[in-house]
Amino acid sequence: MTITPILLCGGSGTRLWPLSRKSYPKQFTDILGEDSLFQASAKRFSGDGFAEPLIVTGDSFRFIVTEQLDACDIAPASVMIEPDGRNTAPAAIAAALTVAATDPDRLMLLVPSDHAVTDPDKFREAVLAAVPAASEGRIVTFGIAPTRPETGFGWLEAGAETHPGVHVLERFIEKPDKQTAQELLADHKHLWNAGVFLSTAATMIEAFRAHAPDVFEPVEQAVAAARMDLGFTRIDPEAWAAVPDISIDYAVMEKADNVSVVRFDGHWSDLGSWEAVWQETGKDDNGNALSDNATAFNCEHSLLRSESDEIELVGIGLKNMVAVAMRDAVMVADMSDSQNVKKAVATLKERGAKQAQQFPVDHRPWGWFETLILSDRFQVKRIHVHPGAALSLQSHVHRSEHWIVVAGTARVTVDDKVQLLSENQSIYIPLGAVHRMENPGKVPMVLIEVQTGTYLGEDDIIRYEDVYARN
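Each chain has its residues counted from 1, following the order in which its sequence is written. In keeping with the model being predicted, local features are shown solely for residues with a pLDDT of at least 70 and side-chain atom pairs are shown and tallied solely at 80 or more, while totals for entire chains, interfaces and linings include all residues. Side-chain figures throughout are based on the complete set of non-hydrogen atoms in the structure, without hydrogens or water.

Observations concerning the UniProt feature "domain: Nucleotidyl transferase" (unreviewed entry) in the protein
UniProt positions are given in the numbering used here, feature names are shortened, and annotations may be inferred rather than shown by experiment. Residues annotated by UniProt as "domain: Nucleotidyl transferase" (unreviewed entry) correspond here to residues 5–283. In this annotation, residues 5–283 is assigned 34% helix and 25% strand; the end-to-end C-alpha distance for the span is 33 Å. Strands here are runs of E lasting at least two residues and helices are runs of H or I lasting at least four, both read from the DSSP assignment and numbered beginning at the N terminus.

In structure tokens:
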């Protein structure tokens with residue numbers, strides 16, 4: 001039977017700040033290798049036995065999702081846009097309703113897209129082992145064989161075996177204290193909760209109807225009123241506003257009596273803290289995990305990451321420390337205290353620090369830009385435009401711009417004039433002029449933009465035409 005993967009990728013990922021931020025969370029970063037965590041998740045559940053994935057994400061990430069899937073040659077069955085994040089339960093039932101519209105008996109695999117699995121084939125085997133039970137009306141979750149007394153995860157207790165490798169789930173266990181975690185680790189039947197679920201769409205719908213009608217009913221209305229927009233499915237925001245913020249565990253799984261569990265003995269991590277990243281990263285003889293542009297002297301069991309070629313990060317005499325440097329922010333913490341990064345981000349947000357949520361590189365449907373210099377009345381940006389992409393036809397009320405092409409070719413519109421600019425050529429955009437830049441070539445186009453004016457905010461923009469249908 002074919003399984004439809006449901007990839008959840010709308011989370012903000014603040015626990016790995018400053019690399020992961022609301023505007024560009026950890027699932028889209030290449031934190032452990034060339035692929036992003038989202039891409040690795042999509043690849044993990046593709047090929048024989050799996051249909052095209054259904055994606056549930058936020059509006060800000062819709063083009064990042066399609067771009068990253070295209071880069072690994074995976075075409076999504078659908079990309080659903082949540083008006084705003086409401087945790088995993090609403091996303092799960094929205095996906096189930098969508099799958100059931102074409103085949104209520106289709107198996108669906110609900111998967112967070114920000115986990116690391118170093119043995120994907122083994123995890124696929126665990127999923128396939130759960131198919132007979134799920135086909136018979138069970139909701140099957142997956143428990144990770146624990147390797148340490150982890151207090152940052154919820155746990156599961158497996159009961160009697162009902163199918164080969166499939167056990168009745170006796171109970172969910174909240175994140176334990178250290179002593180309780182030690183006791184759980186000593187008992188083979190206790191597992192980490194991976195938050196992955198396999199069931200038919202009909203089984204998931206019936207579970208929500210029975211145990212979480214307050215979630216099911218407004219989500220059903222929101223999905224029924226969804227509209228298509230540039231190939232994306234936009235869930236209706238008015239109905240969605242009544243949806244509660246709740247996880248699938250609390251809404252359904254802890255109440256249902258048809259939940260089973262499959263044990264996974266391979267390596268898995270939710271990458272929920274910088275300590276978890278340290279555990280997953282290659283280390284030197286002293287237990288230090290170092291990125292490029294990071295150097296350790298007399299350091300032990302520490303994580304040093306520089307995310308910029310322009311920043312050399314040097315640690316001296318550190319022990320059990322985390323240091324992460326980016327161009328606009330630096331985070332230093334004791335390894336054992338890295339779970340509190342989320343609280344630090346909340347403090348930054350209260351202070352109004354833009355670094356709390358905004359990534360230094362701003363990703364857009366057509367490419368990305370980064371601010372190189374920002375001062376009173378002028379700003380310098382580097383702008384990267386994908387082949388064949390185009391910015392909106394627009395004008396500004398408070399600023400003029402000067403563009404210098406440094407790579408590729410730009411097609412530039414300024415009022416009624418259209419011209420091609422190649423490397424080292426430039427053009428001036430007067431205040432109020434209607435203008436657009438496009439990349440007509442087969443390679444990325446890069447230009448330097450110098451803005452001058454009384455106000456330089458991104459909201460100083462009037463759009464006349466936009467191929468990406470942004471307001």
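Quick look at the packing of aromatic side chains
Note on aromatic contacts: the rings of Phe and Tyr and the six-membered ring of Trp form a pair at centre separations within 6.5 Å, being stacked when their planes are under 30 degrees apart, edge-to-face when over 60 apart, and tilted otherwise. Taken as a whole and assessed by the stated rule, the structure comprises 14 aromatic pairs. Look at F63 and Y468: their rings are 5.3 Å apart centre to centre, the planes differ by 75 degrees, and that puts the pair in the edge-to-face class. Of this pair, F63 sits in helix α2 (residues 62–71) while Y468 is found in the segment after β30 (462–465), placing the two residues 405 residues apart along the sequence. Classification of residues uses two cut-offs on accessible area relative to the type maximum, computed with a 1.4 Å probe and protein chains only: under 20% is buried, over 50% is exposed, and between them is partly exposed. Classification of F63 by relative accessible area gives buried; the value is 15%. Using a relative accessible area of 12% as the deciding quantity, one classes Y468 as buried. Judged by centre distance (6.0 Å) and plane angle (40 degrees), the rings of F123 and F142 are tilted. Here F123, found in helix α4 (residues 120–129), pairs with F142, found in strand β6 (residues 139–144); they are 19 residues apart in sequence, far enough to count as distant.

A few points about the pairing of strand β7 (residues 155–163)
Each pair of strands is called paired provided DSSP finds at least two bridges between the two strands. Relative to strand β8 (residues 166–173), β7 runs antiparallel, the two being bridged by 6 bridges. Considered in β8, the bridge of L156 is made with F172. Here β7 folds back onto β8, and the loop between the two strands holds 2 residues, one of which, G165, carries a positive phi near 80 degrees. Note: β7 against strand β9 (residues 190–200), 3 bridges, orientation antiparallel.

Observations concerning the sheet that holds strand β14 (residues 289–290)
The pairing of strands in a sheet comes from backbone hydrogen bonds and takes either a parallel or an antiparallel form. Taken together, 4 strands build an open sheet; the order of strands is β14-β16-β18-β19 and the sheet is mixed. Only two strands of the sheet have a single neighbouring strand rather than two, namely β14 and β19 (330–334). By the bridge criterion, 5 bridges tie strand β18 (residues 321–325) to β19 in an arrangement that is antiparallel. When the sheet's bridge partners are listed, V322 is paired in β19 with A333.

Overview of the pattern of salt bridges
Within this document, salt bridges are pairs made up of a side-chain nitrogen of Lys or Arg and a carboxyl oxygen of Asp or Glu, the two lying within 4 Å of each other. Counting across every chain of the model gives 21 salt bridges. Two residues, E157 and R171, come together in a salt bridge whose shortest N-O distance is 2.6 Å. Residue E157 is located in strand β7, and its partner R171 is located in strand β8; the two are separated by 14 residues in the primary sequence. A relative accessible area of 12% means that E157 is categorised as buried. The partner of E458 in a salt bridge is K381, and the shortest N-O contact between them spans 2.4 Å. Taken as a pair, E458 in the loop between β29 (445–453) and β30 and K381 in strand β22 (residues 378–385) lie far apart in primary sequence, 77 residues in all. Overall, the relative accessible area of 3% leaves K381 in the buried class. Linked through salt bridges whose partners overlap, the residues forming this network are D59, R62, D229 and R234.

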